[in-house]
Amino acid sequence: MNKGTVFNIQKYSLHDGPGIRTTVFLKGCPLNCWWCHNPESKALAKQVTFTKKLCIGCESCLNRCENNAIDLSRENSIFDRGKCKRCGSCSEVCPTNAIKLLGKEMTVAEVVNEIEKDRVFYEESEGGVTFSGGEPLMQHDFLYQLLKKCKQKDLHTALDTSGFTDWHILEKAAKLTDLFLYDIKHMTNEKHLKFTGVSNAPILSNLQRLALVHSNIQIRLPIIPGINDDEENIVATGEFISAIGLRNVSILAYHHTGVDKYERIEEAYKLPNTLEPTHDEMQRIARILEAFRLIVRIGG
Ligand code: SF4
Ligand code: SF4
């Protein structure tokens, strides 16, 4: 698989591993977390989105679409999803970026070329490249080739993963990855299923196996008030991480960034009333985890 679907390449990232990094976001995710702040990454296929407040009614999109898939008089979405071929042609003529095409097919060489442009920053800051998503292991053949090329070019590689995949896929990636950023979202399977759409069983068992073969794993816990921030869950998480011999944990506070993206992709946001956790609340959670002799960082 020499080509894959990328939805963003973010330069100068400071929160996705050490130093200055380029984060490559691959499209597609098997999870459907209620708090996801990158909902446009979930679908593997390309998508077109519309932001009503940016539209000036010029009709350029209407004239460009060969599939008669646009109706500007519609209340919310202007697209007839049955007719739209997601070609992105309308986005090219929209003067205000009201229409956007999410996802771009890129070759391994094109992505690596983009990454390499900032080599000087990685060298000065001990940074590198981070592959994120979505879930980057959804496009595992493409990812392997990217990781392999980066290793050949002596670039530090990090993989931001939910761990929800088959063990052999993760194991193969582990050989090409310098640092894992591995998420744990809930220790109770029933709640994990409810709030992410999938079981936590493969995530936890993959992490146990990964800890035996890889020495650089940073656990990331998104802290979502009312969902996974109760003492029972934090204690269970601390016990589990400690029992498999891992030490480094980042706790990431829930935030509202990304809520408007849901409207654009025509999905309802499921946590409209959830508040961001306070500094004291994050400190409380850090203290619980530290009791398991974990090194806890608040933030990425
Ligand atoms: S993405 Fe292509 S098919 Fe869909 S509305 Fe735009 S121009 Fe038409
Ligand atoms: S091209 Fe853009 S600004 Fe013009 S009508 Fe279409 S969506 Fe609106």
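Residues numbered from 1 in each chain as written. Chains lettered and ligands numbered in written order. Predicted model: local features only at pLDDT ≥ 70, side-chain atom pairs only at ≥ 80, totals over all residues. Heavy atoms only, no water.

## Here's the deal with the domain arrangement of the protein
Frequently, the measure chosen for interface size is the accessible area that the parts lose on association. Rules: The split of the chain into domains comes from an automatic or database domain assignment. When two parts are brought into contact, each loses some accessible area as probed by a 1.4 Å sphere; the total of that loss over both is the buried area. A pairing counts as a salt bridge when a side-chain nitrogen of Lys or Arg comes within 4 Å of a carboxyl oxygen of Asp or Glu. In protein, a polar contact requires one atom able to donate a hydrogen and another able to accept it; more generally it is a pair of N or O atoms within 3.5 Å, and residues adjacent in sequence count only if both atoms are side-chain atoms. Ten residue types, Ala, Val, Leu, Ile, Met, Phe, Trp, Tyr, Cys and Pro, are classed as nonpolar, four, Asp, Glu, Lys and Arg, as charged, and the remainder, Gly among them, as polar.
Per the domain assignment, the segments making up the protein are domain 1 (3-44 + 104-298) and domain 2 (47-102). Spacing between the C-alpha centres of domain 1 and domain 2 amounts to 32 Å. Between domain 1 and domain 2, the buried area comes to about 670 Å², and carbon and sulfur atoms account for 52% of it. On the domain 1 side of the contact with domain 2, K27, R264 and E266 bury the most area, a combined 61% of that side's loss. Between the two partners, domain 1 and domain 2, sit one salt bridge. Notably, a salt bridge pairs R81 with E266, separated by 2.4 Å at the nearest N-O pair. Put simply, domain 1 and domain 2 have three residue pairs in polar contact (both at pLDDT 80 or more) between them. Classifying every residue of the side of domain 1 that touches domain 2 gives two nonpolar, no polar and four charged.

## Topic: the site of ligand 2
Put simply, the rule is: Here a residue is near a molecule or strand as soon as one of its heavy atoms is found within 4 Å of it. Here a cavity is any set of points on a 1 Å grid over the protein atoms alone where a 1.4 Å probe fits but cannot get out, and a pocket is any open set with protein on both sides within 12 Å along at least 5 of 7 lines; a residue lines the site when it has an atom within 4 Å of a point. The way we define it, a molecule is inside a pocket or cavity when more than half of its atoms are within 2 Å of that pocket's grid points.
Among the 14 residues in the neighbourhood of ligand 2, the closest are listed as C55, C58, E59, C61 and C94. Taking a 2 Å distance to the grid points as the criterion, the majority of the atoms of ligand 2 fall inside the largest cavity. For the shell around ligand 2, the per-class residue count stands at 10 nonpolar, three polar and one charged.

## With respect to the sheet that holds strand 11 (residues 295-298)
Cut-off, in case you're wondering: For two strands to be treated as a pair, DSSP must find at least two bridges joining them. Think of it this way: any DSSP run of H or I at least four residues long counts as a helix, any run of E at least two long counts as a strand, and we number them from the N terminus. Fitting a line to C-alpha atoms yields each axis, with helices limited to the stretch in contact; the angle taken between N-to-C directions then spans 0 to 180 degrees. In what follows, residue pairs with any heavy atoms lying within 4.5 Å of each other are defined as contacts.
Taken in spatial order, the nine strands make up an open sheet running 5-1-2-6-7-8-9-10-11, and their pairing is mixed. In this open sheet, the two strands that pair with only one neighbour each are strand 5 (104-107) and strand 11. Looking at each pair of strands side by side, their axes are set apart by 30 degrees on average, direction ignored. Sheet topology note: the strand 10 (residues 248-253)/strand 11 ladder contains four bridges and is parallel. The residue bridging V249 from the neighbouring strand is V296, located in strand 11. Here helix 5 (residues 140-152) sits on the sheet and contacts strand 1 (3-13), strand 2 (21-26), strand 5, strand 6 (128-132) and strand 7 (157-161); the angle it forms with strand 6, its principal contact strand, is near 175 degrees.

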